[in-house]
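These are the residues of each chain, in order.
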Amino acid sequence: MTAATVPAGSGRRPANDAAAPDTRQPVDVERLAIWAIRDQKADRTGGALFDLEAALDHPDREPQGSSRDGVATLMRRRETGGCRIDGGGPMRGVQPRVHPDAEAVVDAIRAIPDWRQRGLVFEYAQLGDRPDWSNGYQTLVPVPVPESRRGAVRHVVRAEWVDLPLQSVLLADLRRRGVPILDRYGRLRFPSQEPGFAYRITDDGGRQVVTRWCPLEPYPSDAWIANVNAIYAAWHAGMMALERGLRRVVLRDHRLVGFGVPAEPWG
């Protein structure tokens, strides 16, 4: 009996190949996307093809449109002599022919319905990384001044007038606690005003002093945490969509093993 064969990279395996060992390389969807986009640059290979040429390069597509020299009609009739249509040579930095598995990955990414998820999958595959996320931990830091403001002090300083208790009340409290209020010459040991502070007398005879403090704010901000986690969630959803799409494709040299990255690592 002769074993059935299929063209390399066709996405189909022989019908009697079920018992044969699967020698394809196991890889998760994240590593596969990085390999296809960053290493193989499969997302750039179509840049030199016109729509008609790209359609002819995929037998399941029907070339559309027309041309003044009749080439479009020949393409629709598949009268190209069995030659593969290219864009006139390889692009700089792109292999002349990328791996068919990488092309399948790019097609699956482009099929992700959500444009934001699709863009994030492309972006982080090119970077060979995944988005940052935050567990919500924050610290209190001084509120910074605007970058346009000059000066050595780079945080906001605020001030306000605060009422002071009457001096007689303060001295009476010291006497009750047994703290001497006079020195050996009979003078008050506590001056009415401390050097370096600003005081004023109110209309009702009270005293006030200026107090200064630095306002604090949480860092990172709640908005930053929400945004960075939203980006991560969108990327993860896109990767899950990619994984589902690739499950419907038989890759030639790679065997998909899933996507084990947590959806909400901050939880």
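Residues numbered from 1 in each chain as written. Predicted model: local features only at pLDDT ≥ 70, side-chain atom pairs only at ≥ 80, totals over all residues. Heavy atoms only, no water.

Visitor: I would appreciate a short explanation of the overall build of the chain in the present structure.
Guide: On a plain count of helices and strands, the chain comes out with 7 helices and 7 strands. Listing the helices and strands of the chain from first to last along the sequence gives β-α-α-α-α-α-β-β-α-β-β-β-α-β. Taking all 267 residues of the chain together, 28% fall into the buried category. Of the contacts made within the chain by residues no fewer than 6 positions apart, 67% connect residues no fewer than 24 positions apart. Summed over all atoms, the accessible surface of the chain reaches about 18200 Å², with 52% contributed by carbon and sulfur. (Helix = DSSP H or I, 4+ residues; strand = E, 2+ residues; numbered from the N terminus. Buried < 20%, exposed > 50% of the residue type's maximum accessible area, 1.4 Å probe, protein only. Contact = heavy atoms within 4.5 Å. Areas by Shrake-Rupley, 256 points an atom, 1.4 Å probe, with all protein chains shown as cover.)

Visitor: Is there a simple way to think about helix α1 (residues 29-39) in this case?
Guide: Note that an α-helix has 3.6 residues per turn; residues three or four places apart therefore point the same way. In terms of burial, α1 is a largely internal element, 8 of the 11 residues being buried. Every buried residue of α1 is listed here: V29, E30, L32, A33, I34, W35, A36 and I37. Buried residues along α1 sit in contact with β1 (25-27), α4 (100-110), α5 (115-127), α7 (222-246) and β7 (254-256). Downstream of α1 by one or two residues, K41 has phi in the positive range, about 55 degrees.

Visitor: Please clarify how the environment of I201 should be interpreted in this entry.
Guide: Relative to the assigned elements, I201 resides in strand β4 (residues 199-201). Since its relative accessible area comes to 59%, I201 is described here as exposed. As for I201 and D163, which are separated by 38 residues in sequence, their C-alpha atoms are 9.6 Å apart. If we skip the residues at most four places from it in the chain, I201 touches G206 and R207.

Visitor: I'm lost on the side chain of Q117 in this one. Help?
Guide: If you trace the backbone, Q117 turns up in helix α5. In this structure, Q117 is in contact with I112, A234, A237 and G238, ignoring residues within four places of it in sequence.

Visitor: Would you explain the sheet that holds strand β5 (residues 207-213) in this entry?
Guide: What holds strands together in a sheet is hydrogen bonding between their backbones, with the strands either parallel or antiparallel. Pairing within the open sheet is antiparallel, and its 3 strands lie in the order β3-β5-β4. Of all the strands in the sheet, just β3 (158-164) and β4 have a single pairing partner and so form its edges. In this sheet, adjacent strand axes meet at a mean angle of 35 degrees when their direction is disregarded. The pairing of β3 with β5 spans 7 bridges and is classified as antiparallel. Within β5, the position partnered with V162 by the bridge is V209. (Pairing = 2+ DSSP bridges. Axes fitted to C-alpha atoms, helices over the stretch in contact; angles between N-to-C directions.)

From the geometry alone we can't say anything about function, so treat these as descriptive.
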